[in-house]
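Descriptive analysis of the structure
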Amino acid sequence: MAHFNARTTAEDVAAECMPAIVNKTILVTGVTPGGLGAGFATTIAKYSPSLIILAARDIAKAQKTAKEIKDKNPSVATRILQLDLGSQAQIRKAAKEVLTYEEHIDILVNNAGVMAPPFGRTQDGVETQFGINHVGHFLFTNLIMDKLVAPEKSSRVINVASDGHRLGPVRFDDWNFDDGSTYDPWLAYGQAKTANMLFSVSLAQKLGSKGLISVSIHPGVIDTHLLRHDVDESVKALVKWDRTQGNRRFWGGFQWKSMSQGVATHVFAAFHQSITYSKDNGGYLEDSHVLNSEDIRCWGRDPVEAERLWKLTEEIVGEKFDY
C-alpha cells in the first residue's frame, strides 16, 4: 500500500486490518518473548482473534507470551503447542495434535528460525538452518494441511524469509555443505531463506485454487537477539559477502527497525485485504508491500527451482505431498 513504508508500525497495519483479524484462528511458530512471533501475536491480540496457537520448542517461553496476550486482551484464547522444528519425529507428533483441533486455522505464520550459527545438524542430520527454517516448516505445514484447506474455507500461510536470500540459491547437489567442510554461516542462511520463499511459490501454485494464499516476507533488520554468536564478526562476514557478490545496496550498513516496524509486514501479509489470489499469491513482501519480480533475486521466485525444492524436501522427510 502506498501509505505504508519501512517506518510503518504493526499497530498502524493492524488497525486497518481489524475486520480481518476479529474471530480468526492463528497459529504462529517461534514465539519467544522479545522475538518477532511474539511481537506479532501480542499486537493482533488487541483486535480480538478467537484463538492464537503458540507453537514453540520451549513451553515456558510460550507461556510467557501467552500471558502477554492475556494482559493485552483477556478475551483472546491461547493454546500452546510443543513444536521442535529440528526433529521430524516431534513435528509429526505436533501435527497429529493439531489435526485433533476443532478449529479451522485461518492463518499460519511460519516464523521460527535460526540465523548464522556454527555448523550443526538437526536430529535427522540436516544442516541446522536449512533443517529448522525450511524442512521443519515444510513438513509441519503439509502435515496440517487439512486444517488449512477445506471446502468453502480460505487460509493464508506466511513464511518468514529475509532479504538475506540474496546470499545464494538452494544448493540442490550439496545442501548440507559437504557435511560441514564447506560450510559458511551466511551462505547457509541465504539458502534457507531462499527456500522459505520458494516454499510459498509452491504452495501458491499447488493450493491457490483451493483457497490458500501463501506469501513470504522480509521483516527488516531488528535486534531480536536471533544472532546469538559473535555478532561483530558475523556482521563483518556478512558485509564481506555483500561486497564480494556486488550487493551494493548493503555496503553502507543496515537500516534498523523497531520491533513494531519489523512486525508490520507480518500483520500486512497475514490480514490485509489487498493481497489477492490472482495477483499476489506466492509473492514476496518487504515494508508491507508486495515486491515486483524484478526486485527479487531470480532464485527466490523461480517456479522451476520451487518444484525442485519441493521434490528434494519430500525426499528429506520421506513423504510425498501431492495436491
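You'll find the structure just up there.
In what follows, the accompanying structure is described. All figures in this text were calculated on a predicted structure; none of them were measured in a lab. (Residues numbered from 1 in each chain as written. Predicted model: local features only at pLDDT ≥ 70, side-chain atom pairs only at ≥ 80, totals over all residues. Heavy atoms only, no water.)

What about the overall build of the protein?
A count of helical and extended segments in the protein gives 11 helices and 10 strands. Against the compact-globule benchmark of 20 Å for 323 residues, the protein has a radius of gyration of 18 Å, which places it among compact chains. Projected onto its principal axes, the C-alpha positions of the protein cover 50 × 40 × 40 Å. Taking contacts inside the protein between residues at least 6 apart in sequence as the whole, the part at least 24 apart equals 79%. Roughly 13800 Å² of accessible area belongs to the protein as shown, and the carbon and sulfur atoms make up 50% of that amount. Averaging the positions of the 35 positive and the 38 negative side-chain charges in the protein gives two centres separated by 2 Å. (Helix = DSSP H or I, 4+ residues; strand = E, 2+ residues; numbered from the N terminus. Rg over C-alpha atoms; globule rule 2.2 N^0.38 Å. Contact = heavy atoms within 4.5 Å. Areas by Shrake-Rupley, 256 points an atom, 1.4 Å probe, with all protein chains shown as cover. Lys, Arg positive; Asp, Glu negative; His and termini not counted. Charge placed at Lys NZ, Arg CZ, Asp CG, Glu CD.)

Thoughts on the environment of Leu54
Note that Leu54 resides in strand β2 (residues 51–56). According to the relative accessible area criterion, Leu54 is buried, its value standing at 0%. Residues Leu54 and Tyr189 lie 135 residues apart in sequence; the distance between their C-alpha atoms is 24 Å. Setting aside its immediate chain neighbours within four residues, Leu54 contacts Val28, Val31, Ala41, Ala62, Thr65, Ala66, Ile69, Arg79, Ile80 and Leu81. (Buried < 20%, exposed > 50% of the residue type's maximum accessible area, 1.4 Å probe, protein only.)

With respect to the sheet that holds strand β4 (residues 107–110)
Taken in spatial order, the eight strands make up an open sheet running β3-β2-β1-β4-β5-β6-β9-β10, and their pairing is mixed. Two strands in the sheet have a free side with no partner beyond their single neighbour: β3 (77–82) and β10 (289–290). Note: β2 against β3, six bridges, orientation parallel. Paired with Ile53 across the bridge in β3 is Arg79. Strands in contact with helix α7 (residues 185–207) are β4, β5 (155–160), β6 (212–218) and β9 (284–286); relative to β6, the strand with the most contacts, it is inclined by about 165°. (Pairing = 2+ DSSP bridges. Axes fitted to C-alpha atoms, helices over the stretch in contact; angles between N-to-C directions.)

Brief notes about the pairing of strand β1 (residues 25–29)
Counting buried positions along β1 gives five out of five residues, so the element sits mostly inside the fold. What you see with β1 is no split at all: Thr25, Leu27 and Thr29 on one side and Ile26 and Val28 on the other are buried throughout. Alignment of β1 against β2, held across five bridges, turns out to be parallel. Across the sheet, Thr25 pairs through a bridge with Leu51, a residue of β2. With respect to chirality, the unit in which β1 leads through helix α3 (residues 36–45) into the neighbouring parallel β2 is right-handed. Alignment of β1 against β4, held across three bridges, turns out to be parallel. Residue pairing for β4: Ile26 is matched across the bridge by Ile107. (Right-handed = clockwise from strand over helix to strand, strands pointing away.)

What about helix α6 (residues 128–143)?
Between its first and last C-alpha, α6 extends 21 Å over 16 residues, near the 22 Å set by a 1.5 Å rise per residue. Val135 marks the point of greatest bend in α6, at about 30°. Most of α6 is tucked away, with 16 of its 16 residues classed as buried. Where α6 begins, the side chain of Glu127 points an oxygen toward the backbone nitrogen of Gln129, at a separation of 2.9 Å. (Expected span 1.5 Å × (residues − 1). Bend = angle between axes of the 7 residues up to and from the residue. Polar contact = N/O pair within 3.5 Å; in protein donor to acceptor, adjacent residues only side chain to side chain.)

A look at the nonpolar core
Ranked by size, the top nonpolar core spans 44 residues in total, and within it Leu27, Phe140, Ile144 and Leu148 carry the most contacts. Only β2, α5 (88–99), α6, α7 and α11 (303–317) provide two or more residues apiece to this core. When residues of this core are assigned to their parent elements, the largest contribution, seven residues, is made by α6. Once residues lying within four places of it in the same chain are set aside, the contact partners of Ile144 are Leu27, Ala95, Val98, Leu99, Ile105 and Leu108. Ranked by size, the runner-up nonpolar core spans 39 residues in total, among them Ala14, Ile158, Val267 and Leu285. (Core = buried A, V, L, I, M, F, W, Y, C linked by side-chain atoms within 4.5 Å.)

Examining α11
For α11, which comprises 15 residues, the first-to-last C-alpha distance of 21 Å matches the rise-based estimate of 21 Å (1.5 Å per residue) to within 8%. Glu305, Ala306, Leu309, Trp310, Leu312, Thr313, Glu314, Ile316 and Val317 are the residues of α11 that are buried. Packed against the buried residues of α11 are α5, α6 and α7. Between the side-chain oxygen at the start of α11 and the backbone nitrogen of Val304 there is a gap of 3.0 Å, and the oxygen is on Asp302. With its phi angle positive at about 70°, Gly318 sits one or two positions after the end of α11.

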